[in-house]
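Structural description and commentary
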Amino acid sequence: MRSILFRRLCRHFSSSNAAAAMTSSVTPSTTRVGWIGTGVMGRSMAAHLLSAGYALTVFNRTPSKAQALVDLGASLALSPSAVAAASDVVFTIVGYPSDVRDVLLGDSGVLRSLPPGGIVVDMTTSDPSLAVEVSAAAKARSCVSIDAPVSGGDRGAREGKLSIFAGCDDEPTVRKLGPLFERMGRVTYMGPAGAGQRTKLANQVAIASTMVGLVEGMVYASKSGLDVGAFLDAISTGAAGSKSLDLYGKRILSRDFEAGFYVKHFVKDLGICLKECQVLGLGLPGLALAQQLYLSLVAHGEGDLGTQALVLAIERLNNTRLDAKAAEEERKNWMQISFVFSSDGAHHLGIAFKTCPN
């Protein structure tokens, strides 16, 4: 019994010491920041911190992808542990849960050298159970871990308008990092460790079905002969309007499939969602359908495209193509109406229709 009480007291004082280490204000002059993962999202997010005057140490497995930040004044480290040794707060945004485990808990991971009182913020979309595990490992080192995945895509990252979902066993630490989070977007505290990841997974469930509806609506509009651009404008202010439509509608129409968020990473997210559903005993058929459609893109070698490339799967399913030229041809073929008059033009004799041959 005494040993149990002793362990509980140790955990309590470790957490208290970590929180006490953050009593000073988070400012460019008092806080050293580390950043791991400088891909499509991470590069823009880290750049906001640099522009705010924070000293930044960065690491990326492919160093050339961090060069833009180095050019802005960041220091390049050779490992995640080297980033941690030079930082008070370390942000990570990498690809997969296995990458999170490696950069945080691995032999050269952040928690090997993050000083007591340090904070690690994982912004990767990852497994909630891993977030809980990382939190426990951080506490054992008198540090604090926050799982803080984001939503808003590449545009939200560039504009500093991301939605940030924070899970942490110590809410005051999340509030303390407000000056850093506000450079990237708006943070919402969702609950203890893992709650940020569960919020992001629910977000992905909602987005998945929204994207299916968006591309199906566009393909229908095109096939029925509508001007798809006009269709998008018309529905954007109605009940069908959405952030997905705003971000991706015109990109889909212009066949711009450059990744703001990779298909392969979305498949990963949806796979985690399905695993969570199995644990919870939930059946979410919309989620399952979307995951299968996105998985088909990966099977066609399109995993490095953006999530708006979902339209390719719907096109293949229907042997059609959505673009401005195709829509114009459908519009011409769908119905040609001519009014028939008598030879003297005085008498209306009827209407002649030519319907779509399909």
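As a convention, each chain's residues are numbered from 1 in the sequence order in which they are written. Reporting of local features is limited, given that this is a predicted model, to residues whose pLDDT is at least 70; pairs of side-chain atoms are given and counted only at 80 or more, and all residues count toward the totals for whole chains, interfaces and linings. Computation of side-chain values covers all heavy atoms of the structure but excludes hydrogens and water.

Under the annotation held in an unreviewed UniProt entry, the chain carries the name 3-hydroxyisobutyrate dehydrogenase-like 1, mitochondrial and is attributed to Acorus calamus.

This part takes up the pairing of strand β1 (residues 33–36). Partly exposed describes any residue whose relative accessible area lies between the buried limit of under 20% and the exposed limit of over 50%, with all areas from a 1.4 Å probe on protein chains only and scaled to the type maximum. Strands here are runs of E lasting at least two residues and helices are runs of H or I lasting at least four, both read from the DSSP assignment and numbered beginning at the N terminus. Burial along β1 is two-sided: V33 and W35 and G34 and I36, pointing in opposite directions, are all buried. Should DSSP find at least two bridges between two strands, the strands are regarded as paired. With four bridges joining them, β1 and strand β2 (residues 56–59) adopt parallel strand pairing. By the bridge assignment for β2, W35 is matched with V58. You can see the chain leave β1, run along helix α2 (residues 40–51) and come back into β2, and the turn it takes is right-handed. By convention, a crossover is right-handed whenever its connection, traced from the first strand over the helix to the second and viewed with the strands pointing away, goes clockwise.

The next point concerns the packing of aromatic side chains. Aromatic rings from Phe, Tyr and Trp, taking only the six-membered ring of Trp, are treated as a pair when their centres fall within 6.5 Å; an angle between ring planes under 30 degrees marks them as stacked, one over 60 as edge-to-face, and anything in between as tilted. All chains considered together, the criterion is met by four aromatic pairs. Each ring, one from F91 and one from F181, has its centre 6.2 Å from the other, and the planes form 85 degrees; the classification is edge-to-face. Of this pair, F91 sits in strand β4 (residues 89–92) while F181 sits in helix α9 (residues 178–181), and the two are 90 residues apart along the sequence. Each member of the pair, F91 as well as F181, is classed as buried. A ring pair is formed by F266 and Y294, whose centres lie 4.9 Å apart and whose planes are at 85 degrees; its orientation type is edge-to-face. Pair noted here: F266 is in helix α13 (residues 263–280) and Y294 is in helix α14 (residues 285–299), with a separation of 28 residues, a long-range link. Each member of the pair, F266 as well as Y294, carries the same accessibility label: buried. Members of the aromatic cluster, connected to one another through ring pairs, are W35, F91 and F181.

This part takes up α14. Given the number of residues in a helix, its expected span is that number minus one, multiplied by 1.5 Å. Spanning 15 residues, α14 covers 21 Å between terminal C-alpha atoms, matching the ideal 21 Å at 1.5 Å per step. Contacts: residue pairs with any heavy atoms within 4.5 Å of one another. Taken together, the buried residues of α14 touch α10 (195–223), α13 and α15 (310–318).

Now for the environment of S113. With respect to the element layout, S113 can be found in the loop between α5 (97–105) and β5 (119–122). Here the alpha-carbon distance between S113 and S87, two residues 26 residues apart in the chain, equals 9.6 Å. Beyond its immediate stretch of four places on either side in the chain, S113 contacts S81, A82, A84, A85 and R141. Within the structure, the side chain of S113 is placed 2.5 Å from the backbone oxygen of S81, a separation counted as a polar contact. By the criterion applied in these results, polar contacts are pairs of N or O atoms within 3.5 Å in which, for protein atoms, one can donate a hydrogen and the other can accept it, and in which residues neighboring in sequence qualify only through two side-chain atoms.

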